[in-house]
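# Structural characterization, general
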Amino acid sequence: MRDRSSHRSAGRFVCSAAAVSWCVAFVIIDTVGCVSETPGVIDDPPSNDGDDGGSGGVGGLNDPLSMPASPTLSVESFNEASKCAGCHPNHYAQWKTSMHAYATIDPIWRTLVAVRQADFEGQRDQFCTQCHTAIGTRGGEVFPMFSFDDFSPISLEGVTCEACHKVAGIERVYNSGHVLDETGPIRGPIEDPVPNSFHESQFSPLHDTSEFCGACHDVIEQHGLLLERPFEEWAASPAAEGGRNCQSCHMPTYRGKAADLPDVPERDNIHIHRFVGVDLPMTDDFFADDATREEIRGEIVDLLRSAGRIELEATETIEAGGQIDLFVTLRNLIDAHNLPTGSTFNRQLWIAVTATDGEGKVLYQTGDLDDNGDLRDYWSELDQFGDSDLLSFTSGFLDERGNPTVFPWLAAEHVSNSLSPLFVRTNTLFIPTEEATVGPITIEARLRFRTFPPFLLRALGIGELVEKLEIYDIDEATLTVEVAPAA
Ligand code: HEC
Ligand code: HEC
Ligand code: HEC
Ligand code: HEC
Ligand code: HEC
């Protein structure tokens, strides 16, 4: 196990001694321990210490690029997505279903922003808005104690068309590192765009790079703690080596027209703008109809099923009263980033294991839920630490005293159990049997995923969303062990 905490390190993503005991006691029994054995941990994150406004953190308080003290652009210079719909109906319809279009109406995001607003009395409000609405933040709509009611329509569109297509360059591959050119042309991947009456077009190789996505998707808190790092994970991955970027999976291509106009040619590489990940928006009126919702849900299921595999291994026969040593292996099938990635501290990825005898009696269980629907770990209100074998592969925050917290801005450590690209990890579970049990024992395992834990939504006062959470079963495995009478 490597402990990097002694390094000069603004962004920590490691196990300290306190963190190890937390991991072992509350999260997981894991032979590897809880260090993410990922290459590419930012020990020395690309820093902009010089302009951090005295906060001492990466990204800082008055970051002139993405969190300016006074507006650096005019919201009115930008076009709402509906203006693009006439000529780009497919792009518009797809984007409308994406998390990018949900980025500032997301009730979970809004609730967390409100908690942070209260905690810092409005002094750090721009941090959480700088990526979710770069245009609104740089345009002066996010001032101390701002209200969502005052957002203009384009800020309510979140990561809207022009938040991406007016990007002229990148200053850093994290924390809203894009340079926005408000009066410039529309930039995109077509080298020879057909001219049109609405906008000037300009070829931009940047849009076909992972850096373009990473400048929003890698998130570093103001005091330097690394929160999300899919780009950093990717940069050291086999996919990066093979020249495959984020777009290759999250923006699949088809042959078609970039604009629905008669003089525009068909092209081979038109990109689907649904940006499918793991999230299905939870507000009732987000999708135009149930059929669209089901279609997106299906794509999430497919993506998740491509993400991981589990395998079980044990000796075929044991003696009654003996113990089954069960090897449970999780394999990350993604060659581009960790499983899970992104906001791993919100996500739940775990392996549920049940052992039953020939009569169907449950002999052993881990990864099952309490009556609140929560895992029986530190956060369970009904059975805290009730599941000491829990195999969990997400991440969590510890505050300065080593206590778990759900709020990144209160965290001193970010402890991760996620798997690096193509990484395989085996854990051992010890399943006892009784003297009286003979015959076959069936062991069933499921790799399960959920975007948020119910306790968090209840704690935030948005418990009504709990019923919209779905648990996805990514993979299943079964094994039979024969219990022979004791000799
Ligand atoms: C550097 C850009 C950036 C900053 C700063 C940022 N976010 Fe995000 N946020 C993202 C990205 C990218 C995602 C999608 C990641 C994923 O789904 O794994 C996201 C996703 C989320 C989600 C999950 C939404 C859902 O419904 O699943 C929540 C909640 C959220 N952010 C809250 C916050 C809060 C609170 C802050 C401030 C403390 C914040 N974000 C700051 C970029 C950012
Ligand atoms: C999160 C950033 C993002 C948002 C939001 C976004 N796009 Fe794109 N768009 C891209 C990227 C990146 C590409 C090029 C992908 C590549 O070449 O790998 C692209 C490509 C395009 C193209 C060129 C044809 C194609 O499909 O490759 C058009 C046209 C386009 N987008 C229109 C739109 C419209 C209209 C909207 C809003 C309704 C929109 N985009 C929203 C990132 C975005
Ligand atoms: C009047 C019709 C029209 C409107 C309105 C329109 N576009 Fe376009 N757009 C086009 C045409 C035509 C092309 C060129 C398509 C081609 O050559 O295949 C294009 C190309 C693009 C490209 C690719 C540029 C490149 O060089 O890669 C992007 C990105 C794009 N549009 C985004 C937008 C966005 C965002 C909006 C709304 C703010 C918008 N468009 C509004 C007609 C339009
Ligand atoms: C080889 C295909 C592939 C590539 C390339 C890829 N991803 Fe993913 N991505 C996936 C799969 C599969 C999942 C679902 C499993 C997971 O969450 O890790 C996913 C999930 C995600 C999520 C949602 C994570 C969560 O739980 O909130 C985000 C955000 C994301 N990817 C961003 C990126 C970014 C940014 C890049 C480029 C740096 C990228 N992806 C490259 C396959 C890919
Ligand atoms: C301007 C900032 C920005 C850029 C650029 C951007 N994203 Fe995002 N992305 C976000 C935010 C913010 C969210 C989360 C919105 C929410 O859940 O509230 C998100 C969500 C996503 C998700 C959904 C994750 C989930 O939990 O399901 C995927 C997939 C994704 N982005 C892929 C990409 C890819 C691929 C690119 C590059 C082509 C890209 N993004 C560029 C800000 C950005």
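## As for the overall build of the protein
Each helix and strand counted, the protein has 13 helices and 20 strands in total. Taken across its 487 residues, the protein has 39% of its residues classed as buried. When contacts within the protein are restricted to residue pairs at least 6 apart in sequence, long-range pairs at least 24 apart make up 66% of them.

## Points about the sheet that holds strand E18 (residues 424-432)
With antiparallel pairing, three strands are arranged side by side in an open sheet as E9-E11-E18. Where the open sheet ends on each side, the last strands, each with one partner, are strand E9 (308-313) and E18. Neighbour-to-neighbour, the strand axes of the sheet open up by a mean angle of 20°, direction not taken into account. Direction of pairing for strand E11 (residues 323-332) relative to E18: antiparallel, over a ladder of nine bridges. Among the inter-strand pairings, isoleucine 324 is bridged to a residue of E18, identified as isoleucine 431.

## Focus: the site of ligand 4
Close to ligand 4 lie 29 residues; Trp234, Cys246, Cys249, Ala336 and Gly342 are nearest. At the level of secondary structure, the elements contributing two or more residues to the shell around ligand 4 comprise helix H8 (210-217), helix H9 (230-235), helix H11 (246-250) and helix H12 (290-305). Residue classes in the shell around ligand 4 are distributed as 15 nonpolar, eleven polar and three charged. When residues of the shell around ligand 4 are assigned to domains, at least three fall in each of domain 1 (49-223 + 225-275) and domain 2 (307-398 + 418-484).

## Digging into the environment of cysteine 216
Structurally, cysteine 216 can be placed in helix H8. For the pair cysteine 216 and serine 176, spaced 40 residues apart in the sequence, the C-alpha separation amounts to 4.8 Å. When residues no more than four places from it in sequence are discounted, the contact partners of cysteine 216 are Cys131 and Ser176.

## Focus: the sheet that holds strand E15 (residues 395-398)
Across the sheet, which stays open at both edges, the three strands sit in the order E16-E15-E17 with antiparallel pairing between neighbours. Whereas interior strands pair on both sides, the edge strands pair on one side only; in this sheet they are strand E16 (404-405) and strand E17 (413-416). Where E15 lies against E17, four bridges are found, and the strand directions are antiparallel. Paired with glycine 396 across the two strands is valine 415, which belongs to E17.

## Some remarks on the site of ligand 3
Every one of the 27 residues lining ligand 3 counts as a neighbour, but Cys84, Cys87, Cys161, Gly188 and Ile190 are closest to it. Of all elements in the fold, only helix H2 (82-85), helix H7 (161-165), strand E3 (186-188) and strand E4 (201-203) reach the threshold of two or more residues within the shell around ligand 3. Here the shell around ligand 3 is built from residues that sort into 14 nonpolar, ten polar and three charged.

## Observations concerning the confidence of the model for the protein
Across the protein, the average pLDDT comes to 89, with 87% of residues at or above 70. With pLDDT under 50 throughout, residues 1-59 is counted as low confidence; its partners more than four residues away or in other chains account for 125 contacts.

## Let's talk about the environment of arginine 267
When you line up the elements, arginine 267 lands in strand E8 (residues 266-271). By C-beta crowding, arginine 267 is classed as partly exposed, having 15 other C-beta atoms within 10 Å.

## Here's the deal with the nonpolar core
Grouped together as the largest cluster of nonpolar side chains are 67 residues, with contacts concentrated most on Leu326, Val328, Trp350, Ile351, Val353, Ile443 and Ala445. Per element, the largest residue contribution to this core is six residues, and it comes from strand E12 (residues 348-356). Of the domains in this structure, domain 1 (49-223 + 225-275) and domain 2 (307-398 + 418-484) are the two that each give at least three residues to this core. When sequence neighbours within four positions are dropped, the list of residues in contact with isoleucine 443 reads Leu312, Leu326, Val353, Ala355, Thr478, Leu479 and Val481.

## Focus: helix H4 (residues 107-119)
The end-to-end C-alpha distance of H4, which contains 13 residues, comes to 18 Å, matching closely the 18 Å that a straight helix rising 1.5 Å per residue would cover. In the segment just after H4, glutamate 121 is the residue with positive phi, at about 45°.

## Structural notes on unusual backbone geometry
A cis geometry characterises the amide bond from leucine 339 onward to proline 340, with omega recorded as -15°. Mapped onto the fold, proline 340 is located in the loop between E11 and E12. Residues other than glycine seldom take positive phi values, yet phenylalanine 275 does so here, at roughly 50°. One can find phenylalanine 275 in the loop between E8 and H12. A count of 20 C-beta atoms within 10 Å places phenylalanine 275 in the buried class.

Quick notes on the rules
Residues numbered from 1 in each chain as written. Chains lettered and ligands numbered in written order. Predicted model: local features only at pLDDT ≥ 70, side-chain atom pairs only at ≥ 80, totals over all residues. Helix = DSSP H or I, 4+ residues; strand = E, 2+ residues; numbered from the N terminus. Buried ≥ 20, exposed ≤ 12 C-beta atoms within 10 Å, placed from the backbone. Contact = placed C-beta atoms within 7 Å. Pairing = 2+ DSSP bridges. Axes fitted to C-alpha atoms, helices over the stretch in contact; angles between N-to-C directions. Near = placed C-beta within 6 Å. Nonpolar A, V, L, I, M, F, W, Y, C, P; charged D, E, K, R; others polar. Domains from an automatic or database assignment. pLDDT = per-residue confidence, 0-100. Core = buried A, V, L, I, M, F, W, Y, C linked by C-beta atoms within 7 Å. Expected span 1.5 Å × (residues − 1).

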